[in-house]
Amino acid sequence: MMRILHRWPGLVLAALLFVTALSGAALSIFPTLDAVQAPQAGATLTVAELAARVQASHPGLEQIKRAPSGQISAWWFDGSLPGSAIIDPATGRDVASADPDPVRRWLTTLHRSLFMGDGGRLTATTGALAMLVLAISGAVLVARRTGGWRRWFARLRGPLAGRLHTEIARVAVLGLLLSSVTALWMSAETFEIVTVEAASLEPPAQVSGRAGLALTQMAALNATPVAELRVLSFPAPGDPQDLFTLRTNRGMGYVDPGTGTLLAWRHLSFAQHLSETIAMLHTGQGAAVLGLILGLMALGVPVLAVTGVLTWLAGRRARPQLKDNAQAAQAETVVLVGSEGGSTWGLAATLASALRDAGQSVHVAPMTGFAPSRYRQAQRFLILAATYGEGDAPASANGFLDQMQALQEPPAAPMAVLGFGDRSFPAFCAFAAAVESAARAKGWAALLPFDTIDRQSSQDFTRWGRTLGRALGIELELSHQPVLPATQTLTLLDRRDHGAAVQVPMAILRFALPKASLWQRLTGQGLARFEPGDLLGILPEGSAVPRLYSLASGSQDGFIEIVVRQHPGGLTSGQLTRLQPGQTVRGFLRRHPGFHAQTDRAPLILIGAGTGVGPLAGFIRRNERHRPIHLFFGLRHPDSDFLYRDELASWQAEGKLAHLSVAVSRGDGPHQYVQDVLRQEATQVAEAIRQGAKVMVCGGREMARGVSDALTEILKPAGLTPAMLKAGGRYVEDVY
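1. A word on the overall build of the protein chain
Here is step 1 of the chain: Of regular secondary structure, the protein chain possesses 22 helices and 24 strands.
Here is step 2 of the chain: For 736 residues, the compact-globule estimate of 2.2 N^0.38 gives 27 Å, and the C-alpha radius of gyration of the protein chain, at 35 Å, exceeds that figure by more than 25%.
Here is step 3 of the chain: Principal-axis analysis of the C-alpha atoms places the extent of the protein chain at approximately 110 × 70 × 50 Å.
Here is step 4 of the chain: Classification of the 736 residues of the protein chain by burial places 47% in the buried group.
Here is step 5 of the chain: Counted over contacts in the protein chain with a minimum sequence separation of 6, partners at least 24 positions apart contribute 69%.
Here is step 6 of the chain: For the protein chain, the computed accessible surface area is about 34,700 Å², with 56% contributed by carbon and sulfur atoms.
Here is step 7 of the chain: Averaging the positions of the 67 positive and the 57 negative side-chain charges in the protein chain gives two centres separated by 5 Å.

Okay, structure coming up:
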């Protein structure tokens, strides 16, 4: 429900929100311009002194106004001709026209009513209401994504559009809430839904009837500083009963022109103060800095709209179209999905379809939306959870464990957890196992024992489905056919072969960058936009299972580059290492934002062995800002598999690579592994990490384990550990 509340107002009213946000951002500049450009009154200047100075320049003076910015304006008659001007309070003379700026007037009318009178005001009010709904629902969704309100600024991962949308939202949401609430209040006053009476006061019955007292001798005006003034209206010439009307920040009153005394006074009511405060908070008049801040936040709305649409489109592409998905409150079976790349959604769709065919009412949803109170008819929960990285929650399961821990009691309906992963990785199904353990600790009843699926095995999935069917007393046959990713044709431009002398054939393969349409470039679809560290999926001939390779280039390089090692019996690696220039393969992009070098200036310590140097070379190639980078590279023999030897030398000369340390495990010299060289340079490594360096490791599991052990020793005197660096996002791995 929260996603629906957030999605549809934004999609339907995107154009209106664009106009109101951009016009509001433009209007936010004017209070600051007024405060900077307008001559300001001195701190000790009184209304009496100001009025006397202005009257000396304009004998027919009728009114003086002070704007919240401090700008002083005056209106007068010169004979029968009216006049007005902005006044320098130090001299009482004109400095500029008091007529409203036409651009400001145009923007104000656009922002308030879209040039359509009351109909436009109603439309603008609808936009403000939509903004309020978007801000509240967006805040809830941000908290879900980051794992709770206390982790509001937790580090994000995922596609660029989604990350940018959330980054802007969690900074701008308070400003958007304030702007929308104040706009709705002001609209309610305009349409008299809320009534706040204007400050008024009955004139006194007894007045002196005299005139001619000098302004500087009027006690009431001498007692009022200009900083408090709003309006001073002069009595009509020749009318002995007319009075000065004085309005200040505190209230309004009448001043006798013959005696200079205050004859009557009325303070502003609480409602009037509240109304004025709300107007100030919305317009920035009287609070220029706040206005600029709100204006900057409003500028985020167009970006939020674009990134929101892109994220929605990406989500629709990533998830299968779930037909006949039951309402959460009516479903008998609730399937919760934790997926990083989208493949687990396909398995969930197969499960849901089979259950519906067996007569079940099924609701499928991401684990991030877990809220037991929504599932009033649920008889069972089936949790399908993949694992990201080294046991972390996948993108659609962020915050699930925190939400489970916050439960006072577990749901009454039993649950079953099914984990998905790759058994060749040490953290096989670790997140799913953590979910199972947390559920048991909460006392959540089990429908089935914890189970796992290795490499999305259709046979394992079918076996688990039969077990589930027996528990439910129904025939359940799960026949899952993976949906192949959309691929593009990649043409090999060049290859450089290495490793033959050490019986480990490997090659640097460079492919042409496919042409991208304008829509693909705008949305980042296909291979239109990628970075080193992202993954290139290659779909080999004769198999539906793709193989992923870390990219050694970014789209800005103008080519696609990977490093491939031939594995005995490896279908994909065998085809790639035999590929010749001009020949083609089918490939697709899988983003891997958790292994990006980012663009800050903190030093980088890159550690890789063998083909793991590929993405690290890509980071160095893109280091145009000469960020300090130290590469530790492990290889077998310098004459055989020294990948990127010439490029590394060139990058050092250009300042893109600060240091290169090579570990050679075979050859004529001492045999070393990359972790041995790390220990030899322990002092420099520890110092760089103390200064904020980020560590990035790419290569085989054994190498990564050895590097972690070495860094544990190196960092111990500093009171640091690799785990602490990982928690801060300063130690990342791409391990295979």
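2. Section: unusual backbone geometry
Here is step 1 of the chain: Its identity is not glycine, yet H626 carries a phi of approximately 55 degrees, on the positive side.
Here is step 2 of the chain: Counting through the fold element by element, H626 comes out in the loop between α17 (613-621) and β21 (629-635).
Here is step 3 of the chain: Located in the positive-phi region is Y644, a residue other than glycine, with phi close to 60 degrees.
Here is step 4 of the chain: Within the secondary structure, Y644 is located in the loop between β21 and α18 (645-654).

3. Here's the deal with the sheet that holds β21
Here is step 1 of the chain: Pairing within the open sheet is parallel, and its five strands lie in the order β22-β21-β20-β23-β24. The sheet terminates laterally at β22 (659-664) and β24 (731-735), the two strands that pair on one side only. When the angles between neighbouring strand axes are averaged without regard to direction, this sheet yields 10 degrees.
Here is step 2 of the chain: Pairing of strand β20 (residues 604-609) with β21 involves six bridges; the strand directions are parallel.

4. Description of the packing of aromatic side chains
Here is step 1 of the chain: Tallied over the entire structure, the rule returns 11 aromatic pairs.
Here is step 2 of the chain: The structure contains a cluster of three or more aromatic residues connected by ring pairs, namely F370, Y375, F381, F400 and W444.
Here is step 3 of the chain: Looking at R510, its charged tip hangs above the ring of F559, at a distance of 3.7 Å from the centre.
Here is step 4 of the chain: Over the ring of Y549 we find R547; its NZ or CZ atom is 4.8 Å from the centre of that ring.

5. Some points on the pattern of salt bridges
Here is step 1 of the chain: Under the criterion given, the structure shown has 20 salt bridges.
Here is step 2 of the chain: In this structure, R440 engages E436 in a salt bridge whose closest nitrogen and oxygen atoms are separated by 2.7 Å. Here R440 pairs with E436, and both are found in helix α13 (residues 430-442), just four residues apart, close to one helical turn.
Here is step 3 of the chain: Taking the relative accessible area as the measure of exposure, E436 reaches 10% and is therefore buried.
Here is step 4 of the chain: Notably, a salt bridge pairs D451 with R463, separated by 2.9 Å at the nearest N-O pair. In this pair, D451 sits in strand β13 (residues 451-454) while R463 sits in helix α14 (residues 458-472), placing the two residues 12 residues apart along the sequence.
Here is step 5 of the chain: Take R463: its relative accessible area is 35%, and that puts it in the partly exposed class.
Here is step 6 of the chain: Salt bridges sharing partners connect three or more residues here, namely R510, D557, E561, R621 and R622.

6. A word on the sheet that holds β13
Here is step 1 of the chain: The strand order across the open sheet built from five strands is β10-β9-β11-β12-β13, with neighbouring strands paired in parallel fashion. Here the strands that pair on one side only, and so sit at the sheet edges, are β10 (362-366) and β13. Strand-to-strand twist of the sheet, defined as the mean angle between neighbouring strand axes without regard to direction, takes the value 20 degrees.
Here is step 2 of the chain: Most of the contacts of helix α11 (residues 343-357) go to β10, to which it runs at about 170 degrees, and overall it touches β9 (333-338), β10, β11 (380-386) and β12 (415-421).
Here is step 3 of the chain: Docked against the sheet, α14 engages β11, β12 and β13, running at close to 155 degrees with respect to β13.

7. Let's talk about the environment of G70
Here is step 1 of the chain: One can find G70 in the loop between β1 (61-66) and β2 (72-78).
Here is step 2 of the chain: For the pair G70 and S208, spaced 138 residues apart in sequence, the C-alpha to C-alpha distance is 33 Å.
Here is step 3 of the chain: With residues up to four places along the chain from it excluded, the contact list for G70 reads P39 and Q40.

8. Looking at a nonpolar patch on the surface
Here is step 1 of the chain: Together, L22, L296 and L299 make up an exposed nonpolar region whose accessible area comes to about 290 Å².
Here is step 2 of the chain: As for its position among the elements, L22 is in helix α2 (residues 14-27).
Here is step 3 of the chain: Take L22: its relative accessible area is 41%, and that puts it in the partly exposed class.

9. With respect to the packing of α2 against helix α5 (residues 102-113)
Here is step 1 of the chain: Close contact between α2 and α5 brings their axes to 9 Å; oriented N to C, the two are set at 145 degrees. Where α2 crosses over α5, the handedness of that crossing is left-handed. On α5, the residues touching V19, T20, S23, G24, A26 and L27 of α2 are R104, L107, T108, L110 and H111.

Cut-offs applied
- Residues numbered from 1 in each chain as written.
- Predicted model: local features only at pLDDT ≥ 70, side-chain atom pairs only at ≥ 80, totals over all residues.
- Heavy atoms only, no water.
- Helix = DSSP H or I, 4+ residues; strand = E, 2+ residues; numbered from the N terminus.
- Rg over C-alpha atoms; globule rule 2.2 N^0.38 Å.
- Buried < 20%, exposed > 50% of the residue type's maximum accessible area, 1.4 Å probe, protein only.
- Contact = heavy atoms within 4.5 Å.
- Areas by Shrake-Rupley, 256 points an atom, 1.4 Å probe, with all protein chains shown as cover.
- Lys, Arg positive; Asp, Glu negative; His and termini not counted.
- Charge placed at Lys NZ, Arg CZ, Asp CG, Glu CD.
- Pairing = 2+ DSSP bridges.
- Axes fitted to C-alpha atoms, helices over the stretch in contact; angles between N-to-C directions.
- Phe/Tyr/Trp six-rings, centres within 6.5 Å; stacked < 30°, edge-to-face > 60°.
- Lys NZ or Arg CZ within 6 Å of the ring centre and 35° of its normal.
- Salt bridge = Lys/Arg side-chain N within 4 Å of Asp/Glu carboxyl O.
- Patch = residues over 30% accessible without salt bridge, like charges linked within 9 Å, V, L, I, M, F, W, Y side chains within 5 Å.
- Left-handed = near helix turned anticlockwise from the far one by under 90°.

By themselves these figures say nothing about function.
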